[in-house]
Amino acid sequence: IYLADINDSDGRQITEGPMNNITPSFSPDGKKILFVRLNESEGVNSLLQSDLVMKDLDTGEEKNLTQEFEGDVFSPALSPDGKWVAFTSFDKELNSNIFVASLGQSVVIQATHGNQDAVPSWRLSLKQ
């Protein structure tokens, strides 16, 4: 993943290594970037393992929000307050489910069960 200013044609590489890093998105404060890291798996018939990773753009420190999550993680969506991320993953039977992970703690919650075939998103609700 590269980060470039609109006036900078070269940009700055912010991830490296043999893994594929995809679907980057900024935290609400713009200081961190969230992305999916696809990990190599053993064997032709094995499930793809992928993790959600948060990287601090100032320090370069990376934090796995999921650790060798079994299945294909995709469509991560950060909450408006920057404390949670919702994402979709397929289970072993290729059912699509939505999960929610805490950015501050190592908590991952499965929000749907079965084959919901849904993509997560957040909605900001103003209290009156």
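See the structure above.
Quick caveat, the model's predicted, so the values are computed rather than measured. (Residues numbered from 1 in each chain as written. Predicted model: local features only at pLDDT ≥ 70, side-chain atom pairs only at ≥ 80, totals over all residues. Heavy atoms only, no water.)

## Comments concerning unusual backbone geometry
Despite not being glycine, T23 has its phi angle at roughly 45°, a positive value. Turning to its location among the elements, T23 is positioned in strand β3 (residues 20-26). Residue S75 is not a glycine yet carries a positive backbone phi of 55°. Residue position: S75 is located in strand β8 (residues 73-78). (Helix = DSSP H or I, 4+ residues; strand = E, 2+ residues; numbered from the N terminus.)

## Topic: the packing of aromatic side chains
In total, this model carries one aromatic pair according to the counting rule given. Between the aromatic rings of F87 and F99, the centroid separation amounts to 5.5 Å while the plane-to-plane angle is 10°, which identifies the pairing as stacked. A residue pair is termed long-range when its members are at least 10 positions apart, and F87 in strand β9 (residues 84-90) and F99 in strand β10 (residues 96-102) qualify at twelve residues. (Phe/Tyr/Trp six-rings, centres within 6.5 Å; stacked < 30°, edge-to-face > 60°.)

## A short note on the pairing of β3
Two strands pair when backbone bridges link them, and β3 and strand β4 (residues 32-39) are joined in this way by five bridges, in the antiparallel orientation. When the sheet's bridge partners are listed, N21 is paired in β4 with R37. Between the antiparallel neighbours β3 and β4 lie five residues, among them G30 with a positive phi of about 75°. (Pairing = 2+ DSSP bridges.)

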